[in-house]
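# Fold and contact review
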Amino acid sequence: MSTAQTAIIGMQRTDEELVALAITGDPDSFNQLIVRWERPIFALAFRVIGREEDARDVCQETFFRAFRGIKGFKGQAKFSSWLYRIALNLCRDWIRRERRSAVLTPLESETDTPPASEGASAVETAEDRTVRRDLGRVITEAMSALSEDQRTTIVLKEYHGLTFQEIADLQACPLSTVKTRLYQGLTVLRRQLENSGIHSGALLSGNPATKRGATRTT
Amino acid sequence: MIQTNDCVDQAILVDYLYEEADRETRLRVDAHLRVCEHCANDLHTLQGLRGTLHAWAPPKPALGFRVVSETEVPRTPGLVAGSTSWRPVWGLAVAAVLVVAVATAIVRPEIEVGWGGLVVRVPGWAPDATEPPRERAVSASPIERVGTGNRETPVSSPSGVGTAPGTDVRFGATWSASEEAWLQTVRELIRESEQRQTSLLFDRVQAVEQRVAEQRQTDLSEMERTFREVDAEDAEFAKRQLLEYMRRISDQR
């Protein structure tokens, strides 16, 4: 079965239905889950550890472990939460193995600049694209100033839309701790960006009064 | 800047920011923001920061991970990708230890351990006299090979157990625990081999000594018998007989 066919069929079923089929030994069902979740898992790994190749490895290993352990998945949590937990554990292992905080590398090439469909307006000029690429580089640097917990919390909340309770379950910490990490992490980010000449308030109001000429991208 | 004494705390502010606050809390925060410029600015800045963060997007490499059946994929030896892969790895390790045991029992290498590291010398090989001596330099690698290039085989891993005769392999001080255990096994095997060889040698020496003692006793008996048969007339003949006997025994030995 082709990837396109797999994706189309997968769209018709919920995660829970696909998991139930995968448990019975149907590899196509699991492949449909991969089609659905490989991008979010890769994005999570990339934003947490900051290296594309390692993020790919984490992504692959996440699905490998999920496939091996799918029969033990009893549906206590959402399938996506289970995947996120596996991926975050792998990211944590990677960071400890490397004995350093995540290495966040700015996107260098023009082709690495995220496409307009993600985080950009529908009509984007070349200048907008350049500005957004520069802004992404500054954010990457600012993110590297956060602790692993703060960065993970912001990534899960801001880019994956998990609820505070889901993040607390993933990080095995109280709800209040998640909110504190988020607030403090955002405060650190704001300070880092301001040091780089990016003023969030100006961005919100659409005021281009930033030293680097960044504009609001949403 | 207007700031009231009942400012919203961080948890409520992030609830409000991410729209997870319940209706009652939201109404209370709205009312507070109308009179507290400090909190309003704080919230305004955080909302702007959220907008800024959306410029940070990951690359989009080709992923395409898929589950395929085992028959579709050729097995790659040494690929560590699951619980089943450790078995052949350990099997190789056990086989390697056995090979080392046999090899060391045959060649009986000498092992020296000191501050400079571990030196394994195998008798029966002398360095090529035509080759100029090599400068010893401090190597950054945990394994340093010493000797001619084509004769050396590192023994730092089980795969390197095929040590060629005359190989002189030196390890740095930074080997791992598994390598240490492996070397300990090799040392034990060598010690057992030496003990066996010593025991065999002792038995053979004892046997030789016993044969020599028996022969000496036979010689003495023969000499006594000859001297008893000798009389005055035959003294000269007896001496020649004795000398002849002694020469014959000597030639036999």
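Residues numbered from 1 in each chain as written. Chains lettered and ligands numbered in written order. Predicted model: local features only at pLDDT ≥ 70, side-chain atom pairs only at ≥ 80, totals over all residues.

## A look at the overall build of chain B
What counts is decided by this rule: The helix and strand labels rest on DSSP assignments: H or I over at least four residues marks a helix, E over at least two residues marks a strand, and numbering proceeds from the N terminus. Here a residue counts as buried when 20 or more other C-beta atoms fall within 10 Å of its C-beta, as exposed when 12 or fewer do, and as partly exposed in between; the C-beta atoms come from the backbone. Placing C-beta atoms from the backbone, we regard two residues as in contact once those atoms come within 7 Å.
Helices and strands together make up the secondary structure of chain B, namely six helices and four strands. Counted from the first residue to the last, chain B has its helices and strands arranged as α-α-α-α-β-β-β-β-α-α. Out of the 253 residues in chain B, the part that is buried amounts to 13%. Sequence-distant contacts, at least 24 apart, represent 56% of the contacts inside chain B between residues at least 6 apart.

## Examining the overall build of chain A
Of the regular secondary structure elements, chain A holds 10 helices and zero strands. Secondary structure elements of chain A occur, N-terminal to C-terminal, as α-α-α-α-α-α-α-α-α-α. Taking all 218 residues of chain A together, 37% fall into the buried category. Counting contacts in chain A only where the partners sit at least 6 residues apart, residues at least 24 apart contribute 62% of the total.

## Structural notes on helix α7 (residues 148-159) of chain A
The cut-off we apply is this: What a helix should span is 1.5 Å times the count of its residues minus one.
Compared with the 16 Å implied by 1.5 Å per residue over 12 residues, the 16 Å span of α7(A) between its first and last C-alpha is a close match. With nine of its 12 residues buried, α7(A) lies for the most part within the structure. When α7(A) is considered as a whole, its buried residues turn out to be A:Gln150, A:Arg151, A:Thr152, A:Thr153, A:Ile154, A:Val155, A:Leu156, A:Lys157 and A:Glu158. If you follow the buried residues of α7(A), they end up packed against α3 (27-49), α5 (79-98), α6 (126-143), α8 (164-171) and α9 (175-195) of chain A together with α3 (37-53) of chain B. Looking one or two residues beyond α7(A), the residue adopting positive phi is A:Gly161, at roughly 65 degrees.

## Topic: the interface of chain B and chain A
We apply this condition: Charged means Asp, Glu, Lys or Arg here, nonpolar means Ala, Val, Leu, Ile, Met, Phe, Trp, Tyr, Cys or Pro, and polar covers whatever is left, Gly included.
With 31 residues of chain B at the contact, the number on the chain A side is 49 residues. Counting residues per element, the ones that place at least two in the side of chain B that touches chain A are α1 (10-17) and α3 of chain B. Each residue belonging to the side of chain B that touches chain A can be placed in one class, and the counts come to 17 nonpolar, 11 polar and three charged.

## A word on the packing of α3(A) against α5(A)
All names here are of chain A. Note the following rule: Note on method: axes are straight lines fitted to C-alpha atoms, helices fitted across the in-contact stretch only, with angles between N-to-C directions ranging 0 to 180 degrees. Left-handed describes a crossing in which the near helix is turned anticlockwise from the far one by less than a right angle; the clockwise case is right-handed.
Packing of α3 against α5 leaves a shortest axis separation of 10 Å and a crossing angle of 35 degrees. The handedness of the crossing between α3 and α5 is right-handed. Here Leu33, Trp37, Ile41, Leu44, Ala45, Val48 and Ile49 of α3 lie close against α5, whose contacting residues are Phe79, Ser80, Leu83, Tyr84, Ala87, Cys91, Trp94 and Ile95. For the contact of α3 with α5, a count of residues per class yields 14 nonpolar, one polar and no charged.

## Section: the confidence of the model for chain B
All names here are of chain B. Selection rule: pLDDT measures how confident the predictor is about each residue, on a scale from 0 to 100.
Looking at chain B as a whole, the pLDDT averages 68, with 55% of positions reaching at least 70. Per-element mean pLDDT across chain B ranges from 32 in strand β3 (residues 143-146) up to 94 in helix α2 (residues 23-35). Contacts from residues 76-88, a stretch scored under 50 in pLDDT, to residues over four places away or in other chains number four contacts. Reported for the predicted complex are a pTM of 0.55 and an ipTM of 0.76.

## Quick look at the packing of α7(A) against α9(A)
Residue and element names in this part refer to chain A. Selection criterion: For classification, angles of less than 35 degrees are called roughly parallel, those exceeding 145 degrees roughly antiparallel, those between 65 and 115 degrees roughly perpendicular, and all remaining angles oblique.
Two elements in contact, α7 and α9, have axes separated by 8 Å at closest approach and are oriented at 95 degrees. Here α9 runs roughly perpendicular to α7, going by the angle between their axes. Here Asp149, Gln150, Arg151, Thr153, Ile154 and Lys157 of α7 come into contact with α9, specifically with Val178, Arg181, Leu182, Gln184, Gly185, Leu186 and Val188. Residue composition of the contact of α7 with α9, by class: five nonpolar, four polar and four charged.

## With respect to the environment of A:Phe63
As for its position among the elements, A:Phe63 is in helix α4 (residues 52-69). When near neighbours in sequence (up to four residues on either side) are disregarded, A:Phe63 contacts A:Ile34 and B:Phe65.

## What to know about the confidence of the model for chain A
Any segment with low pLDDT has predicted coordinates that should not be analysed in fine detail. With 74% of its residues at a pLDDT of 70 or more, chain A has an overall mean of 80. Here residues 108-120 of chain A is a poorly scored stretch, pLDDT under 50, and it has 18 contacts once near neighbours within four places are set aside; other chains count.

## Observations concerning unusual backbone geometry
Leave glycine aside and you will find that most residues have negative phi; peptide bonds, for their part, are mostly trans. Phi at A:Ala172 is positive, roughly 50 degrees, even though this residue is not glycine. Relative to the helices and strands, A:Ala172 is located in the loop between α8 and α9. With phi around 55 degrees, B:Glu19 is a residue other than glycine that occupies positive phi space. Secondary-structure assignment places B:Glu19 in the loop between α1 and α2.

## Some words on the nonpolar core
Residues and elements named next belong to chain A. To be explicit about the condition: To define a nonpolar core, we join buried Ala, Val, Leu, Ile, Met, Phe, Trp, Tyr and Cys residues through C-beta atoms within 7 Å and take the resulting set.
Formed by 64 residues in total, the largest nonpolar core has its most connected members in Ala45 and Ala87. Counting residues per element, this core draws most heavily on α3, at 13 residues. When residues no more than four places from it in sequence are discounted, the contact partners of Ala45 are Ala55, Val58, Cys59, Ala87 and Cys91.

## Quick look at helix α2 (residues 15-23) of chain A
An α-helix turns once per 3.6 residues; consequently, residues spaced three or four apart project the same way. Operational definition: The directions considered for the arc run from the helix axis to the C-beta atoms.
Where α2(A) is concerned, the buried positions are A:Leu18, A:Val19 and A:Ala22. Along the axis of α2(A), the buried residues cluster in a sector spanning 100 degrees; they form a single face.

## Some remarks on the environment of A:Leu44
Residue and element names in this part refer to chain A. By the element assignment, Leu44 lies in helix α3. We classify Leu44 as buried; it has 26 C-beta atoms within 10 Å. A C-alpha to C-alpha distance of 8.0 Å links Leu44 and Ala87, two positions 43 residues apart in sequence. Contact partners of Leu44, with chain neighbours within four places excluded, come to Tyr84, Ala87, Val155 and His160.

## A short note on the environment of A:Ile23
Residues and elements named next belong to chain A. Take Ile23: it is sitting in helix α2. Considered as a pair, Ile23 and Gly69 are 46 residues apart in the sequence and their alpha carbons are 9.3 Å apart. For Ile23, the contacting residues outside a window of four places in its chain are Ile70 and Lys71.

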